[in-house]
Amino acid sequence: MSQKLPRSLPCLDIQAGIKQLEGNQDLYLRLLKKFAECNHDLAEKIADKLANNDNEKVRILAHSTKGVSGSIGATELYLASAALETAVTSGKTGFALQEFSAVLETVLRSIEVLVRN
């Protein structure tokens, strides 16, 4: 069932992600699909939570995304999630949310390209 995958796509280091899973490419692809399904509207959810001053929920979402993104080889998303998590604490989330949203969108597009093949 394994297919030949590229080493990376924008904001997604495929080889690093597969390495995290001890070389299990099929599991990696399943995790990417699940990540995309569960997070397709994450930026909007976070923006809504910020608008409602639910900063603790935003911090939790950013922290969770940070953990998962590190596991799937999405290093830029890991960094953007960490920055958003920190920004929530300082109350200066504008730029961090923009960066997070842009990187998340790129990761989701890369996953879409990868899993449709």
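Residues numbered from 1 in each chain as written. Predicted model: local features only at pLDDT ≥ 70, side-chain atom pairs only at ≥ 80, totals over all residues. Heavy atoms only, no water.

### Examining the environment of Lys33
Our working rule: Each helix is a run of H or I in the DSSP string that is no shorter than four residues. Each strand is a run of E no shorter than two, and both are numbered from the N terminus.
Assignment of secondary structure puts Lys33 in helix α2 (residues 25-39). Distance from Lys33 to Leu9, taken between C-alpha atoms, is 15 Å for residues 24 residues apart in sequence.

### Observations regarding the packing of α2 against helix α6 (residues 94-115)
Quick note on the threshold: Structural elements are reduced to axes, namely lines fitted to C-alpha atoms, with helices fitted over the stretch in contact, and the angle between N-to-C directions of any two is expressed from 0 to 180 degrees. In what follows, roughly perpendicular refers to angles from 65 to 115 degrees, roughly parallel to angles under 35, roughly antiparallel to angles over 145, and oblique to any angle outside these ranges. A crossing counts as left-handed when the near helix is turned anticlockwise from the far one by less than a right angle, and as right-handed when that turn is clockwise. Note on definitions: a residue-residue contact is assigned when non-hydrogen atoms from the two residues lie within 4.5 Å.
Remark: α2 packs on α6, axes separated minimally by 10 Å, with the N-to-C direction vectors making an angle of 135°. Overall, the two elements α2 and α6 adopt an arrangement that is oblique. In terms of crossing hand, the pair formed by α2 and α6 is left-handed. The residues of α6 that touch α2, namely those facing Tyr28, Leu29, Leu32, Lys33, Phe35, Ala36 and Asn39, are Leu104, Val107, Leu108, Ile111, Leu114 and Val115.

### Quick word on the side chain of Glu85
The cut-off we apply is this: Here the term buried applies to any residue with accessible area under 20% of the maximum for its type, exposed to any over 50%, and partly exposed to those in between, with areas from a 1.4 Å probe on protein chains only.
The topology assignment puts Glu85 in helix α5 (residues 75-90). The exposure class of Glu85 is buried, given its relative accessible area of 12%. The residues contacting Glu85, other than those within four sequence positions of it, are Arg59, Ala62, His63 and Lys66.

### Considerations on the pattern of salt bridges
Put simply, the test is: Salt bridge, as used here: a side-chain nitrogen of Lys or Arg that lies within 4 Å of a carboxyl oxygen of Asp or Glu.
This model, assessed by the stated rule, comprises 6 salt bridges. The closest approach of N and O atoms between Arg59 and Glu85, which form a salt bridge, is 3.6 Å. Taken together, the positions of Arg59 in helix α4 (residues 55-71) and Glu85 in helix α5 put the pair 26 residues apart, joining distant regions of the chain. In this structure, Glu112 engages Arg116 in a salt bridge whose closest nitrogen and oxygen atoms are separated by 3.9 Å. With relative accessibility at 46%, the residue Glu112 sits in the partly exposed group. Under the relative-accessibility criterion, Arg116 is labelled exposed at 57%. A cluster of three or more residues bridged by salt bridges with shared partners is formed by Glu56, Arg59, Lys66 and Glu85.

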